[in-house]
Amino acid sequence: MSLSLDERRKVAESLLRIKAIQLAPEAPFTWASGLRSPIYCDNRMALSHPAVRTHIRQQLCSIVEQVHGKPDMIAGVATGGIAWGAYVAHELGLPFCYVRGEAKGHGKGNRVEGDLGNASNVVVIEDLISTGKSSLSAVEALREKGLEVKGMVAIFTYGFDLASRNFDAAGCPLETLSDYPTLIAEAEQREYLTPAQAEALISWREDMAAWSERYTAGAASEA
């Protein structure tokens, strides 16, 4: 089950309006990898906007229930998925745990935090999917605890082919509230982007490395 196109566009519009997602094809952001990107996504911004926060929480809960029924537990992926996962668990009346990026270097050395009790299965909540590497690392940590991971629900995905392959290989179904093509269409319709800018953003997703190199080379030639 996926949200309808209208619902996916509504989520995209909300994220654009509150600047949780920012688009800057002429002045791209630099990712931790060093690549230049015309988009920056920080869905934690939605936590500061009650109406948007409520809508996202409701949609996450809806997908969890419609796709996975009522799991034994909800898990959030640190750090962006912790708050959203806790909201979903509270709304559904379920236990909650979260998964650290890596095991704690002191104390009990936990990576999965929370009382797993008698839980046998879990649905994972994430805020953003890029390649899926860190999200699926959390899935593996939960499986190592003996939990069946029924699937993951995230707010937004860039929709990279690599991510799709990674989730398929891991046997982890993924559902998202919105996605990159929907976002670009909504941004262009609402005039956040010109048609030329939208085309630049589309070409970035097709080949991030080549787009980054072209931008860097162009900026250097203008200097």
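Now for a look at the structure at hand.

## Topic: the state of the cysteines
One pass over the structure, following the stated rule, counts zero disulfides. Just so you know, Cys41 is unpaired, no disulfide at all, and the nearest cysteine sulfur is the one on Cys172, 19 Å from it. Residue classification places Cys41 among the buried positions, given a relative accessible area of 11%. This cysteine, Cys97, is not joined by any disulfide, and Cys172 carries the nearest cysteine sulfur, 14 Å off.

## Side note on unusual backbone geometry
Put simply, Ala78 and Thr79 share a cis peptide bond, and its omega is -5°. Of note in this structure, Lys19 is not a glycine but carries a positive phi near 65°. Positionally, Lys19 belongs in the loop between helix 1 (5-17) and strand 1 (21-23). By relative accessible area, Lys19 is classed as exposed at 52%. Positive phi values are uncommon outside glycine, yet Glu191 reaches one of about 65°. Relative to the assigned elements, Glu191 resides in the loop between helix 6 (180-189) and helix 7 (195-206). In this structure Glu191 comes out as exposed when scored by relative accessible area, which is 70%.

## Details of the packing of helix 6 against helix 7
Orientation of helix 6 relative to helix 7, taken along the N-to-C sense of each, is 170°, at an axis distance of 10 Å. The angle between helix 6 and helix 7 places the two elements in the roughly antiparallel class. Here Tyr180, Pro181, Ile184 and Glu188 of helix 6 lie close against helix 7, whose contacting residues are Pro195, Ala198, Leu201, Ile202, Trp204 and Arg205. Tallied by class, the residues present in the contact of helix 6 with helix 7 amount to eight nonpolar, no polar and two charged.

## Focus: the sheet that holds strand 10 (residues 174-179)
Here six strands make up an open sheet; going across it, the order is 7-6-5-8-9-10 and the pairing mixed. Of all strands in the sheet, those bounded by a partner on one side alone are strand 7 (112-113) and strand 10. The sheet contact formed by strand 6 (residues 96-99) and strand 7 spans two bridges and is antiparallel. Looking at the pairing, Tyr98 lines up with Glu113 of strand 7. Each of strand 9 (148-157) and strand 10 touches helix 6; the most contacted strand, strand 10, lies at about 10° to it.

## Notes on helix 3 (residues 80-92)
Taken residue by residue, helix 3 has Gly80, Gly81, Trp84, Gly85, Val88, Ala89 and Leu92 as its buried positions. Buried residues of helix 3, viewed axially, fall in a sector of 140°; they line one side. Elements in contact with the buried residues of helix 3: helix 2 (50-68), strand 5 (73-77), strand 6, strand 8 (121-129) and strand 9. Backbone geometry just after helix 3 places Gly93 at a positive phi near 70°.

## Quick look at the side chain of Gln197
With respect to the helices, strands and loops of the structure, Gln197 is situated in helix 7. Residue Gln197 is classed as buried on the basis of its relative accessible area of 18%. Dropping the residues within four chain positions of it, Gln197 is found in contact with Pro25, Glu26 and Tyr192.

## So, the pairing of strand 6
If a strand is regular, its side chains alternate between the two faces of the sheet. Only one face of strand 6 is buried, namely the one carrying Cys97 and Val99, since none of Phe96 and Tyr98 on the opposite face is buried. Relative to strand 6, strand 5 is paired through four bridges, and the arrangement is parallel. By the bridge assignment, Gly76 is partnered in strand 6 with Tyr98.

## Let's talk about the pattern of salt bridges
All told, the structure shown has seven salt bridges when counted by the stated rule. Note that Arg44 and Asp42 form a salt bridge whose closest N and O atoms lie 3.1 Å from each other. Since its relative accessible area comes to 41%, Arg44 is described here as partly exposed. Its salt-bridge partner being Glu186, residue Arg190 comes within 2.4 Å of it at the nearest N-O pair. According to the relative accessible area criterion, Glu186 is buried, its value standing at 4%. Put simply, Arg9, Glu186 and Arg190 are held in one network by salt bridges that share partners.

Reading the values: rules and limits
Residue positions are counted from 1 within each chain, in the order its sequence is given. For a predicted model such as this one, the threshold for reporting local features is a pLDDT of at least 70, and the threshold for listing and counting side-chain atom pairs is 80 or more; totals across whole chains, interfaces and linings nevertheless cover every residue. Hydrogens and waters are ignored; side-chain quantities use all the structure's heavy atoms. For this text, the term disulfide refers to a pair of cysteine sulfurs within 2.5 Å. Partly exposed describes any residue whose relative accessible area lies between the buried limit of under 20% and the exposed limit of over 50%, with all areas from a 1.4 Å probe on protein chains only and scaled to the type maximum. To qualify as a helix, a DSSP run of H or I must reach at least 4 residues; to qualify as a strand, a run of E must reach at least 2; elements of each kind are numbered from the N terminus. Here the axes come from fitting lines to C-alpha atoms, over the contacting stretch only for helices, and the angles between their N-to-C directions go from 0 to 180 degrees. Under this scheme an angle from 65 to 115 degrees is roughly perpendicular, one under 35 degrees roughly parallel, and one over 145 degrees roughly antiparallel; angles in between are oblique. Whether two residues are in contact is decided by their heavy atoms, any of which lying within 4.5 Å being enough. Residues are sorted three ways: Asp, Glu, Lys and Arg are charged, Ala, Val, Leu, Ile, Met, Phe, Trp, Tyr, Cys and Pro are nonpolar, and all the rest, Gly among them, are polar. Should DSSP find at least two bridges between two strands, the strands are regarded as paired. Here the arc refers to the directions that run from the helix axis out to each C-beta atom. Salt bridges are counted wherever a side-chain nitrogen of Lys or Arg sits within 4 Å of a carboxyl oxygen of Asp or Glu.

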